[in-house]
Each structure stands twice: as structure tokens, then as C-alpha cells.
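Here are the chains, one letter per residue:
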Amino acid sequence: MRKRTKALETANKEFKKQNKELIRKTIDLVELKGQIEDKNADLDNAIKEINNLLKLRTEFMNRAAHDLRTPLTPIVTLLPIIKNQIKDEKIRQELSIVENNAAYLRQIINELISMLRIVDESNQNYEKINLGKLINEVITNESNILDIHKIKLVKMVSSKLKVMGNRLKLIEVLQNIISNALKFMPKGGILKITS
């Protein structure tokens, strides 16, 4: 009986020892789980920050491309007109150099816009846009060129019309419409934008 009692006491001590070890390992595992959850939260925050930075970079590059393209359009459009009015051959040659460089710059900007378009395909920046106001902005920016070509632009879009879209892409579409009108419409033509 004593041997059995002693064996039970020994087994009980071993059980308590293993139980303590199990509790210690459980505590370690809970702490480790907490650390992993903290690291996962840090990783999620880092991913969000990276995505925000990538979005800001893309928006900056889109804006830069647009801001470079807008003032370049009248330069590219007006240079041939000015060059044709100059009689001095030396000045005409210098204007040809400027014209070539402006065309080269336009090509670089167009390539940048194409690259950004590829990036944008997977990360569309849609927002609610007042289309009437956006068209007015583009018309204001392009008014000098339209005046030179004597093209009247008539906007038949409600100022209350709102659409979901990418602002920069809509501006690009409107600028392309105006650019094509300048190329293919006769002077004194009327370009209508309707909804």
C-alpha cells in the first residue's frame, strides 16, 4: 500500500510538474500569439501606408503629366502658325528647332501618360465629378486655341450632371476631342459637347 501511495505521490508530483510546464508553454504561446497579432497589425499598417504612397505618387505623376500637357498644347498648335508668318529664314529655322523640341516633349508626356494608364488600370481612382463644371474648366483652358482657330464650342451639358469617373482621364478625353476638332474642323466650325 505504501508503495502504491508513494507511486501515486510521485505520479502526482510529475503530473503537477508537467501541468506547470504546460501552463508556462500556454502562457508563452499566448504571448507569442499577441506578438504575431501585433506584427500583423504593423504589417497591415505598413501595407496601407505603401498603398497610400503609391496612390499619391500616381496622382502626382498624373497631375504633372496633365500640367505639362496643358501649356504645351498651345505651344505646339501656335508655333506652325507663327512660323508661317515669319519671313526671316534664320528665325524660321530657329522656330523649327523649338517646334521639334516641343513635339519631342509632347511625345515624352504622351508616353508618360500611357505608362500611367497601365498603372491606373489596376488602381482606378473613381470619384463623383460634376461633368458640367469639368467641361467649363477644360473650355477655359483651351479657349485661346479655339479662338485662334475660330472654332465655337457649345456645351450642352447640365451644370448639375454628376458622373463617377477618373477626373484626369475625363480631362484627357475632353482635350482630345478639342485637339481633334482643331485638326479636322474648318475654321469657323461649331463643336458641340452634349450629354
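Caption draft 1: Representation of the nonpolar core. Grouped together as the largest cluster of nonpolar side chains are 18 residues, with contacts concentrated most on Ile135, Leu153 and Ile178. Counting only elements with at least two residues in this core, the list comes to α3 (131-148), α4 (167-184) and β4 (190-194). With 7 residues, the single largest contributor to this core is α3. With residues up to four places along the chain from it excluded, the contact list for Ile135 reads Lys155, Val157, Leu174 and Ile193. Counting 8 residues, the second-largest nonpolar core is a separate cluster that includes Leu79, Leu95, Ile109 and Leu116.

Caption draft 2: The arrangement of the side chain of Glu142 in detail. Position of Glu142 among the secondary structure elements: in helix α3. The side chain of Glu142 sits in the buried core without any salt bridge; Arg106 is the nearest counter-charge, 8.0 Å away. With residues up to four places along the chain from it excluded, the contact list for Glu142 reads Thr73, Gln175 and Ile178.

Caption draft 3: Region of the structure containing the pattern of salt bridges. Taken as a whole and assessed by the stated rule, the structure comprises 9 salt bridges. Taking the shortest distance from any N to any O, the salt bridge between Asp67 and Arg63 comes out at 3.8 Å. Of this pair, Asp67 and Arg63 both sit in helix α1 (residues 2-85), 4 residues apart, which is roughly one turn of that helix. Among the residues examined, Arg63 registers a relative accessible area of 33% and is labelled partly exposed. Through salt bridges that share partners, Glu21, Arg24 and Asp28 make up one connected network.

Caption draft 4: Layout of the packing of α3 against α4. It is the contact of α3 with α4, at a shortest axis distance of 10 Å, that shows an interaxial angle of 40 degrees. With respect to α4, the element α3 is oriented oblique. Relative to α4, the crossing made by α3 is right-handed. Across the interface between the two elements, Leu131, Leu134, Ile135, Glu137, Val138, Glu142, Ile145 and Leu146 of α3 pack against Arg167, Leu170, Ile171, Leu174, Gln175, Ile178 and Leu182 of α4.

Caption draft 5: How the structure looks around the environment of Pro186. Take Pro186: it is sitting in the loop between α4 and β4. Residue Pro186 is classed as exposed on the basis of its relative accessible area, which comes to 58%. As for Pro186 and Ile91, which are separated by 95 residues in sequence, their C-alpha atoms are 29 Å apart.

Conventions adopted
- Residues numbered from 1 in each chain as written.
- Predicted model: local features only at pLDDT ≥ 70, side-chain atom pairs only at ≥ 80, totals over all residues.
- Heavy atoms only, no water.
- Core = buried A, V, L, I, M, F, W, Y, C linked by side-chain atoms within 4.5 Å.
- Buried < 20%, exposed > 50% of the residue type's maximum accessible area, 1.4 Å probe, protein only.
- Helix = DSSP H or I, 4+ residues; strand = E, 2+ residues; numbered from the N terminus.
- Contact = heavy atoms within 4.5 Å.
- Lys, Arg positive; Asp, Glu negative; His and termini not counted.
- Salt bridge = Lys/Arg side-chain N within 4 Å of Asp/Glu carboxyl O.
- Axes fitted to C-alpha atoms, helices over the stretch in contact; angles between N-to-C directions.
- Parallel < 35°, antiparallel > 145°, perpendicular 65-115°, else oblique.
- Left-handed = near helix turned anticlockwise from the far one by under 90°.

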